[in-house]
Amino acid sequence: MTVFAIVLEKQNVDVEQRISENFRRPYQVNDVVFLVEGDFIAGDVAISAGIKGDNRIEGAHGAVFRLNGSYSGFASRSLWDWLSQSEEKK
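Treat the numbers as computed from the prediction; the structure is a model and nothing was measured.

A. View of the environment of E9. Its location among the elements puts E9 in the loop between β1 (2-8) and α1 (13-22). Sequence separation of E9 and R66 is 57 residues, and the distance between their C-alpha atoms is 17 Å.

B. Here's a closer look at the nonpolar core. Residues I6, V15, I19, V36, V45, I51 and V64 are the most contacted members of the largest nonpolar core, which totals 15 residues. Among the secondary structure elements, those contributing two or more residues to this core are β1, α1, β3 (33-38) and α2 (42-49). Apart from the residues within four sequence positions on either side, V36 is in contact with T2, V3, F4, I6, I19, F23, P26, V45 and W82. Grouped together as the second largest cluster of nonpolar side chains are seven residues, A5, L35, L79 and W82 included.

C. Spotlight on the pairing of β3. Burial analysis of β3 places six of its six residues in the buried class, which makes it a mostly covered element. A two-sided burial pattern is seen for β3, the buried positions comprising V33, L35 and E37 on one face and F34, V36 and G38 on the other. Here β1 pairs with β3 via six bridges, running antiparallel. From the neighbouring strand, I6 faces β3, where its bridge partner is F34. Sheet topology note: the strand β2 (residues 27-28)/β3 ladder contains two bridges and is antiparallel. Its bridge partner lying in β3, Q28 is registered against F34.

Rules of the game
Residues numbered from 1 in each chain as written. Predicted model: local features only at pLDDT ≥ 70, side-chain atom pairs only at ≥ 80, totals over all residues. Heavy atoms only, no water. Helix = DSSP H or I, 4+ residues; strand = E, 2+ residues; numbered from the N terminus. Core = buried A, V, L, I, M, F, W, Y, C linked by side-chain atoms within 4.5 Å. Buried < 20%, exposed > 50% of the residue type's maximum accessible area, 1.4 Å probe, protein only. Contact = heavy atoms within 4.5 Å. Pairing = 2+ DSSP bridges.

Written out as structure tokens, the structure reads:
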């Protein structure tokens, strides 16, 4: 499984809903950052989240980053658990 970070320029509840509908196990870091996993490419994630493509959500601005499996920092335990579970699926 590949992990992607969806980073919005500002909070958008329609994008949040689209993410929860289109990804099996999304992790919301805060109001503008979400982690998702799957066998996708970044462009497909952006389209599914509603920040790119013909069905883009009005006012939705952001970017998708493919993460490379190297993480470091100080964050909530739930974030590290989520990442660990994603790594186990590779």
